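Summary of structural features
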Amino acid sequence: MNHRILELLEQQSGAYLSGELLSQELQISRTAIWKQIKKLEEAGYQIEASRRLGYRLTGKPDRLSPQELTLKLQSKEVTLIKSIRCFDSVDSTQNIAQRLAEDGAPEGTLIVAEQQTSGRGRLGRKWVSPSGKGVYMSFILRPGMPLHFAPQLTLLTAVALCRALRSVAAPLDIGIKWPNDLLIGGKKISGILLESTAEEERLRYVIAGIGISVNLTADDFPPELHDIATSLRNELGKPLDRSEIVASFFDQFEQLYEVYQREGFAPIKMLWEALSVTLHKPTRLFLASGETIATPIGLNEQGALLARKSDGTIVPIFSSEQVPPAG
Ligand code: BTN
């Protein structure tokens, strides 16, 4: 109910909307409208009321709420997300999503937190998650495909995130570092962690975790990350609306997920290669077989990175192996 009121008020871009019109549109009394407006105010929305003119939206909470996210997702016609749970503080959104998935939560369940006390990254790293500054979210997928397709989903997620961030944070030049870090000028702004559970080699579910350093300032990062991490706010010089970023991501993700399910990995591979900052630069690689210098040249059909070694041989690299930041 108040999603719709919010939607109508937002459409007015700060102008008044009469109580009469709202009550006609929602088919409820003006007193009922007023009660819904009070609820929105309690949730942090600033709404000016005038007896003569009606209501107008003057401010929104800087908070990721199911209300705001639902509205934004609806406006982009995203249908993948079926339920949204927002928390003030959690250990890790991955843990919550995993518990829900084990309890049978469907594909499209989204967990979002304002803060994580034990946010985790790939390879056992921590994910810096200060309150109200970033996007920390995990969502459940149940793609029903063989386990070995999981790396492709990781690359698809990176492409979706890169396209979304390029659109909300234009003109920043954001690129993908193998396999799924997003960088601006060599510094990381976002990371993706896909954790999957399989049964008899088939994926039971995948938890896709996304961390985006949106409005963090330099002080929010520990000193050891100052040279290698940044935020969209730092780079752009202004804060960004986090719910808009979440909605843009799912808009991109849904489109690519449909393409992937229809046409397979080939179109995703092309997009990933076009956005990559890892390719065609000789780099030190830490492979399972040891350290070597090689030049990444593209992805193979499975989603492994292909790198040409100095002796001309081409080796596939899997996402469990490490490629240092592009310099
Ligand atoms: C990485 O770059 O190593 C991946 C970072 C993934 C961080 C996100 S934040 C939301 C979700 N919850 C976590 O604990 N981790 C992921």
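What counts, and where the lines are drawn
- Residues numbered from 1 in each chain as written.
- Predicted model: local features only at pLDDT ≥ 70, side-chain atom pairs only at ≥ 80, totals over all residues.
- Heavy atoms only, no water.
- Near = heavy atom within 4 Å.
- Polar contact = N/O pair within 3.5 Å; in protein donor to acceptor, adjacent residues only side chain to side chain.
- Areas by Shrake-Rupley, 256 points an atom, 1.4 Å probe, with all protein chains shown as cover.
- Helix = DSSP H or I, 4+ residues; strand = E, 2+ residues; numbered from the N terminus.
- Nonpolar A, V, L, I, M, F, W, Y, C, P; charged D, E, K, R; others polar.
- Domains from an automatic or database assignment.
- Contact = heavy atoms within 4.5 Å.
- Buried area = accessible area lost by both parts, 1.4 Å probe.
- Salt bridge = Lys/Arg side-chain N within 4 Å of Asp/Glu carboxyl O.
- Core = buried A, V, L, I, M, F, W, Y, C linked by side-chain atoms within 4.5 Å.
- Buried < 20%, exposed > 50% of the residue type's maximum accessible area, 1.4 Å probe, protein only.

A word on the site of the ligand
Close contacts around the ligand come from 20 residues, with S92, Q116, R120, R122 and K188 the closest. Here a nitrogen atom of the ligand sits 3.0 Å away from a polar atom, N or O, in the side chain of T93. A distance of 2.5 Å separates an oxygen atom of the ligand from a polar side-chain atom of K188. Protein contacts shield 99% of the accessible area of the ligand, which totals 410 Å² for the unbound molecule. Looking at the shell around the ligand, the elements that each hand over two or more residues are α5 (93-102), β5 (135-141), β8 (187-199) and β9 (202-212). The element best represented in the shell around the ligand is β8, accounting for four residues. Partitioned by chemical class, the residues of the shell around the ligand number six nonpolar, ten polar and four charged.

Considering the domain arrangement of the protein chain
Reports of interface size often rely on the accessible area that becomes lost once the parts have come together. Per the domain assignment, the segments of the protein chain are domain 1 (2-59), domain 2 (66-275) and domain 3 (283-323). The C-alpha centroid of domain 3 is placed 25 Å from the C-alpha centroid of domain 2. Opposite the 13 residues of domain 2 that make contact, domain 3 presents 15 residues. Three residues, L123, W178 and K269, lead the burial of domain 2 against domain 3; their summed loss comes to 45% of the area buried on that side. Taken together, domain 2 and domain 3 are joined by zero salt bridges.

Digging into the nonpolar core
In summary, soluble globular proteins display a tendency toward joint burial of nonpolar side chains. Of all hydrophobic cores here, the largest spans 65 residues; its most connected members are L232, F249, F250 and W272. The biggest single contributor to this core is helix α6 (residues 150-168), with eleven residues. Here this core spans two domains, since at least three of its residues come from each of domain 2 (66-275) and domain 3 (283-323). Among all residues touching L232, those that are not within four sequence positions of it are L165, A169, L172, I174, I184, I189, I212, S213, V214, G237, L240 and I245. Core analysis: the second largest hydrophobic core is formed by 15 residues, L8, L9, I33 and I37 among them.

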